[in-house]
Amino acid sequence: GGEDKKNSSSWILQEWKSPKTERVWGYYRNLHSDGPEVKVKELAVNPHSQLSMQKHNHRNEHWHVSEGVATVNLDDPENPRTVTLHKHDTLEIPVDTWHQLCNNTENELRVVEIQYGSNCIEEDIERHGVDPYYGMTEEEKNEHTLDYSN
């Protein structure tokens, strides 16, 4: 009875509290925000999908793999490399570091991302080698501006 009902509806409560933002590579969900300086997100990357190569000017990121295997391309001028992260592995991504999260496996990849810095906003992103509107819905493209100087 009651226990089964609670478990079967828990996904509805999760979706209501932290709705998914769908992307071509999977989705993300904002789990927690503490002012403009800290944000916690869940990233779910579909099998054989990847995010764009990107960097951020105002935030660092700390990644914790909660499920699956992540392949991370880091284009750090001092140490360019590819890193493989397994369940419960972590990685620090400093401000202004080019990085790309990839899922080269048959299973979903889930990463808990902790953003921290002077301004943790979605617009603090510079993409390399792709359309600047990569992964956005048509509605988001129409609302988006590339001038973040203000």
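Here, every reference points to the structure presented above.
Structural notes, computed from the coordinates. Values in this document were obtained by computation on a predicted structure and should not be read as measured data.

With that out of the way, let us pick up the packing of aromatic side chains. This model, assessed by the stated rule, comprises zero aromatic pairs. Above the ring of Y28, the side-chain terminus of K41 is found at 3.9 Å from the ring centroid.

Time to look at the nonpolar core. Note on soluble globular proteins: their nonpolar side chains tend to be buried together. In this structure, V72 and L101 are the most contacted members of the largest nonpolar core, which totals 17 residues. Among the elements of the structure, β3 (38–45), β6 (59–67), β7 (70–74), β8 (81–85), β9 (90–93) and β11 (109–117) are those that each provide at least two residues to this core. Top element by residues in this core is β7. It accounts for three residues. Not counting residues up to four positions away in its chain, the partners in contact with V72 are W63, R81, T82, V83, L85, L91, Q100 and L101.

Spatially, β1-β2-β3-β11-β6-β9 is the arrangement adopted by the six strands of the open sheet, whose pairing is antiparallel. The open sheet has two edge strands with one neighbour each: β1 (20–23) and β9. Going from strand to strand, the sheet's axes swing by 25 degrees on average, the running direction of each strand aside. One ladder, built from eight bridges, connects β6 with β11; its direction is antiparallel. Paired with H64 across the bridge in β11 is V112.

In this section: unusual backbone geometry. The phi dihedral of H48 falls on the positive side, at around 55 degrees, and the residue is not glycine. Looking at the element boundaries, H48 is found in the loop between β3 and β4 (49–50). The phi angle at H88 is positive, at roughly 75 degrees, despite the residue not being glycine. Relative to the assigned elements, H88 resides in the loop between β8 and β9.

What counts and what doesn't
- Residues numbered from 1 in each chain as written.
- Predicted model: local features only at pLDDT ≥ 70, side-chain atom pairs only at ≥ 80, totals over all residues.
- Heavy atoms only, no water.
- Phe/Tyr/Trp six-rings, centres within 6.5 Å; stacked < 30°, edge-to-face > 60°.
- Lys NZ or Arg CZ within 6 Å of the ring centre and 35° of its normal.
- Core = buried A, V, L, I, M, F, W, Y, C linked by side-chain atoms within 4.5 Å.
- Buried < 20%, exposed > 50% of the residue type's maximum accessible area, 1.4 Å probe, protein only.
- Helix = DSSP H or I, 4+ residues; strand = E, 2+ residues; numbered from the N terminus.
- Contact = heavy atoms within 4.5 Å.
- Pairing = 2+ DSSP bridges.
- Axes fitted to C-alpha atoms, helices over the stretch in contact; angles between N-to-C directions.

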